[in-house]
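Fold and geometry: a report
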Amino acid sequence: MALTLKQQLSTPGGILKFLIKYNTIFIFLVLVIFSAVISDVFFTSVNLSNLLKQVSGIGIISVGMLIVILTGGIDLSVGSMVALLAVIFAIFVNLFALPLAILLTLVIGFGLGSVAGYLVAYQKMAPFIATLALMTVARGMGFIFSKGSPIRFETYGGLFMSNFANNSTLGVPNIAIVFFIIVIIATIMLKYNVFGRLVIAIGSNEEASRLSGIKVGKYKFLVYAISGTLAALAAIIVASRTNLGSPNMGLSWELDAIAAVVIGGASLSGGKGSVINTLMGVLILGLISNILNLLNVPSYPQQVVKGGIIIFAVLLQRFEKK
Amino acid sequence: MAIMEENKSEYRLEMSGISKSFGIVSVLEDVNLRVKHGEIHALLGENGAGKSTLMKILSGAHQKDSGEVLLNGKEINPKNTHDGQVLGINVVYQELSLVNDLSVAENIYLHKLGANKFWMNWKKITQDAQELLDSLGFEIDASATVRNLSIVQKQVVEIAKAISEDTKVLVLDEPTTVFDPTDTQKLFDNLFKLKERGISIIYISHHLEEIFKIADTVTVLKDGVDTGSMPTSEIDTDGIIHLMIGRELKDLYPLRDVVVGDTAIFEVKNLTAKDTLVHDVSFCVKPGEVLGIAGLGGSGRTETAKLIFGAHRKKSGSIFLNGEKITTKSPVEAVEHEIGLVSENRKEEGVFLPLSIRKNISVTNFDSISSSLGFIKTDKEHDNVRGLMNKLNIKAPGSEVDVKNLSGGNQQKVALAKWLSIDSKVIIIDEPTRGVDVGAKVEIYNLINEVAKKGVGVIVISSDMPEIMGIADRILVMHEGTIYGELPKEKFSEENILRYSIGKALK
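Conventions adopted
- Residues numbered from 1 in each chain as written.
- Chains lettered and ligands numbered in written order.
- Predicted model: local features only at pLDDT ≥ 70, side-chain atom pairs only at ≥ 80, totals over all residues.
- Heavy atoms only, no water.
- Helix = DSSP H or I, 4+ residues; strand = E, 2+ residues; numbered from the N terminus.
- Rg over C-alpha atoms; globule rule 2.2 N^0.38 Å.
- Buried < 20%, exposed > 50% of the residue type's maximum accessible area, 1.4 Å probe, protein only.
- Salt bridge = Lys/Arg side-chain N within 4 Å of Asp/Glu carboxyl O.
- Domains from an automatic or database assignment.
- Contact = heavy atoms within 4.5 Å.
- Buried area = accessible area lost by both parts, 1.4 Å probe.
- Polar contact = N/O pair within 3.5 Å; in protein donor to acceptor, adjacent residues only side chain to side chain.
- Nonpolar A, V, L, I, M, F, W, Y, C, P; charged D, E, K, R; others polar.
- Lys, Arg positive; Asp, Glu negative; His and termini not counted.
- Phe/Tyr/Trp six-rings, centres within 6.5 Å; stacked < 30°, edge-to-face > 60°.
- Lys NZ or Arg CZ within 6 Å of the ring centre and 35° of its normal.
- Pairing = 2+ DSSP bridges.
- Axes fitted to C-alpha atoms, helices over the stretch in contact; angles between N-to-C directions.
- Left-handed = near helix turned anticlockwise from the far one by under 90°.
- Parallel < 35°, antiparallel > 145°, perpendicular 65-115°, else oblique.
- Right-handed = clockwise from strand over helix to strand, strands pointing away.
- Core = buried A, V, L, I, M, F, W, Y, C linked by side-chain atoms within 4.5 Å.

**Section: the overall build of chain B**
From N to C terminus, chain B includes 19 helices and 20 strands. In summary, chain B has a C-alpha radius of gyration of 24 Å against a globular reference of 23 Å for 507 residues, a match within 12%. Taken along its principal axes, the extent of the C-alpha atoms in chain B is 75 × 50 × 45 Å. Burial status across chain B gives 55% buried among its 507 residues.

**Points about the pattern of salt bridges**
Tallied over the full model, the rule gives 20 salt bridges over all chains. Notably, a salt bridge pairs E381(B) with R197(A), separated by 2.8 Å at the nearest N-O pair. Pair noted here: E381(B) is in helix α15 (residues 378-391) and R197(A) is in helix α10 (residues 194-204), and the two residues belong to different chains. An identical accessibility class is assigned to E381(B) and R197(A); each is buried. Among the salt bridges present, the one from D402(B) reaches K404(B), with a minimum N-O distance of 3.4 Å. Linked by salt bridges that have partners in common, R197(A), R358(B), E381(B) and E400(B) make up one network.

**Examining the domain arrangement of chain B**
Residue and element names in this part refer to chain B. Domain boundaries assigned for chain B yield domain 1 (2-245) and domain 2 (266-350 + 423-501). The centre of domain 1, based on its C-alpha atoms, is set 33 Å off from the matching centre of domain 2. Domain 1 puts 14 residues into the contact, and the matching count from domain 2 is 14 residues. Together domain 1 and domain 2 conceal approximately 1100 Å² of surface at their shared face, both sides included; 58% is due to carbon and sulfur atoms. Seen at the junction of domain 1 and domain 2, the total is 0 salt bridges. Taken together, domain 1 and domain 2 are joined by 0 residue pairs in polar contact (both at pLDDT 80 or more). Of the residues in the side of domain 1 that touches domain 2, the class split is 5 nonpolar, 5 polar and 4 charged.

**Comments concerning the side chain of D226(B)**
Residue and element names in this part refer to chain B. Position of D226 relative to the elements: it lies in strand β10 (residues 225-231). No salt bridge is formed by the buried D226, whose closest oppositely charged neighbour, R34, lies at an N-O distance of 7.3 Å. For D226, the residues in contact, after removing those within four places along its chain, are D30, V31, N32, T219, V220 and L221.

**What about the packing of aromatic side chains?**
The final tally for this structure, using the stated rule, is 12 aromatic pairs over all chains. Both rings, one in Y118(A) and one in Y122(A), keep their centres 6.3 Å apart while their planes meet at 40°; by these two values the pair is tilted. With a relative accessible area of 40%, Y118(A) lands in the partly exposed category. Residue classification places Y122(A) among the partly exposed positions, given a relative accessible area of 43%. The side chain of K186(B) reaches across the aromatic face of F138(B), ending 4.8 Å from its centre.

**Here we look at the interface of chain A and chain B**
The interface of chain A with chain B comprises 22 residues on the first partner and 30 residues on the second. Summed over both partners, the interface of chain A with chain B comes to about 2100 Å²; 65% of that surface belongs to carbon and sulfur atoms. Taken together, chain A and chain B are joined by 1 salt bridge. In this assembly, chain A and chain B are joined by 9 residue pairs in polar contact (both at pLDDT 80 or more).

**Quick look at the environment of T237(B)**
Residue and element names in this part refer to chain B. Looking at the element boundaries, T237 is found in helix α9 (residues 237-245). Spatially, the C-alpha atom of T237 lies 9.4 Å from that of I211, the residues being 26 residues apart in sequence. Apart from the residues within four sequence positions on either side, T237 is in contact with L208 and F212.

**Some details on the pairing of strand β16 (residues 339-342) of chain B**
Residue and element names in this part refer to chain B. Alternating residues of β16 divide into I339 and L341 and G340 and V342, and every residue in both groups is buried. Note that β16 and strand β17 (residues 426-430) share 4 bridges and pair parallel. The residue of β17 that forms the bridge with G340 is I427.

**Some words on unusual backbone geometry**
With a phi angle near 55°, K147(A) is a residue other than glycine that sits in the positive phi range. Among the secondary structure elements, K147(A) is positioned in the loop between α7 (127-146) and β1 (151-152). Classification of K147(A) by relative accessible area gives exposed; the value is 73%. The phi dihedral of E174(B) falls on the positive side, at around 50°, and the residue is not glycine. Within the fold, E174(B) resides in the loop between β7 (169-173) and α7 (181-196).

**Topic: the packing of helix α6 (residues 98-121) of chain A against helix α12 (residues 216-242) of chain A**
All names here are of chain A. Relative to each other, α6 and α12 sit at 145°, their axes nearing to 7 Å. As for how α6 packs across α12, the hand of that crossing is right-handed. Counted together, I102, T105, L106, G109, F110, G113, S114, A116, G117, Y118, V120 and A121 of α6 and G217, K220, F221, Y224, A225, G228, T229, A232, L233 and I236 of α12 form the full contact between these two elements. Looking at the contact of α6 with α12 residue by residue, the classes come out as 13 nonpolar, 8 polar and 1 charged.

**Quick notes on the packing of helix α16 (residues 408-421) of chain B against helix α17 (residues 438-453) of chain B**
Residues and elements named next belong to chain B. At a minimum axis separation of 10 Å, α16 and α17 run at an interaxial angle of 15°. Put simply, α16 runs roughly parallel to α17. As for the relative orientation of α16 and α17, their crossing is left-handed in sense. Counting all contacts with α16, which are made through G409, Q412, K413, L416 and L420, the residues of α17 involved are A440, E443, I444, L447 and V451. A class-by-class count of the residues in the contact of α16 with α17 yields 6 nonpolar, 2 polar and 2 charged.

**Overview of the pairing of β17(B)**
Residues and elements named next belong to chain B. For β17, the buried fraction is high: 5 of the 5 residues fall into the buried class. Both faces of β17 are covered, namely the face carrying V426, I428 and D430 and the face carrying I427 and I429. Relative to strand β18 (residues 457-461), β17 runs parallel, the two sharing 5 bridges. Looking at β18, one finds that V426 is bridged to G457. Running through α17, the crossover from β17 to the neighbouring parallel element β18 is right-handed.

**Let's talk about the side chain of S204(A)**
Structurally, the position occupied by S204(A) is in helix α10. Excluding residues that lie within four positions of it along the chain, S204(A) makes contacts with G270(A), G271(A), F352(B), P354(B) and L355(B).

**Some remarks on the nonpolar core**
Ranked by size, the top nonpolar core spans 107 residues in total, and within it I60(A) and F89(A) carry the most contacts. For this core, the element with the highest residue contribution is α12(A), accounting for 14 residues. With 64 residues, the next largest nonpolar core counts I308(B), A311(B), L392(B) and A440(B) among its residues.

**Side note on the sheet that holds strand β14 (residues 314-321) of chain B**
All names here are of chain B. A sheet is described by the order of its strands in space; here 4 strands give the open sequence β12-β11-β14-β15, paired in antiparallel fashion. In the strand order of this sheet, the two ends are held by β12 (281-285) and β15 (324-326), each with one partner. The average angle at which neighbouring strand axes cross in this sheet is 20°, direction not considered. Both β14 and β15 contribute to a ladder of 3 bridges, which runs antiparallel. Within the sheet, the bridge partner assigned to I319 lies in β15 and is I326.

Right, here's the structure in full:
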């Protein structure tokens, strides 16, 4: 039965049910309040803008990851792709005019994603295996192209990108704006476009999709190509922030992206998940790192806490089902 | 004798005053069910009447809110299905629950694995399982992997699993949906044997003729309340239907008053499959006609439907739509030619269970409800969905309800709505009313009739003989992968269908 918010809250245990239903937002708010109380540096514009800058790269690939996971697949290659594409972008920035360098990097990202898409959609390879292989290939190619060391931006185009990536517009970091634009486009495509409808249909029942005359292969191909393109965009952003492209970038980002999507309540078997909740997942992970950094907690305990939060979030979602 | 000692109380099982609600929805209210020793007790009711919930409380899968369950006069309170099994309560659910990658024998003894001993004697287990299967009279190799079995064989294994030496109460929920009449008869023979052993059997089925063949007593549930029990000999079909739906059901099958066109709207010639047994299938459908396809399970009916629809690969043969030759190499091409298929396997192939009614219905129809860039026109979509929900009488609080929360009948209507949403020229409906209650059955029959009236070629595949004779204008009978015979309306009879099904000429 569709109950209004007010009715929901007034039924016995309604508040608890409400909290469980919107658990991702709830955890996010609790973390924000907790952070604000525990550290007086947290609510400064410098810290908040740092936080947003830190999450933008992973945020963008998380959106791609969500779209892939909605079809019931997974893309393990995105972290390594960020490294390879950051190196490629640094090389291109030093060779070509900036718009061409950006365009070529995005096209190569699309192409690499298409390889995964082709293997999964038309060769029926398991997504885990196909993208695991690409993950190794991409990381290796990153080291080959860069000869193992970072490639610096040496042109005016590079300088422009570096300025763009480190500055803010109206107090919001530019790269966070790029991330938010991607979030908005993805929300619109998933909610109001046939593309999103079919991606979710395929993830919730692939055989029924096939027998409804949906071009299952085409959409499965497309989601990996999109994920690759978004990895390229993330690569451009992280390379620009540091003024260089390094084969060590994006280490285990694919795992953070999967974690963000899962914390956002998406089902790894496909068909369930939303961009807004994934955004919350990204921010939650970012917040945890941020507050632990402010409290001077070293990075290994940070990993333990992160893992604990993931387990907690998924347990909460099981309550929701009951 | 152990059995004699247990016979202290008249009833093997007494469930009294059982109530259960999920949240604010009350599913069972003060329900009573009493089953004697060695009795076959039919439990009837429309989908959603509470039969499955009552059985789940019995088996321990659900906990009752109030009431009392006595087994051999002693109160029992199973907390989970394992408790239930230990007490001797075994349930064969409608959904198959076998482990595909284990052998038949391992599946049959799965619940006993690791119970007593650390080491298993596989040879003995396989032998025991084989003996059990042989005694049931079905040919199944106990060492075969379950994945390679037919759906009929899987159902037999499921039943075998539930029968053991300590079974006291056996619950069968729609066990014959995948069986042809011969298999069903074999099952009944087995049930009679079990009955002689003193086992009490609770039998749930929508096939009323089965009830009259085997049941001693009938209990009807309606909207979570039992309308009482009575001996089967004191009630007839109309009486049961009246109890189930609370009204008389005079015309189960609609009057076929459609003028069938002369020229075929759809024709297949010498269709032969690459990967299945289907070969040399030829037939045609005229506009307005309902063509029935009958045959035993495994005769290639579903495979023929999937071959036409492009879901299976063709080796040779051709398909004509309105006299024009078309190809259907994939379901995408079939849908482009406006051919629809309602699968027999509703939950796995027909509907999207986790998605809303709206999203299910729209999935075939984006061309007419979205802009050229693929943006969905919400108003148009809602109008279209609402129109179809009204037309098909899909009972739900709204179009945003997830299909998994609907009853079998309403789910089937959603699966149909998908193809009515686009104006299909040919609709193939495989088992239109499997697992659907009587009330919804009638609605689906009327709907098929209406669709045919509009000039759509309708092909109905069904194992339910009264059903196919009731709605089809002409019946093709399949045997071993091809069409063995055709029956015009005046030759419709269960005997004729059966004779063709087993590859014999008519008398």
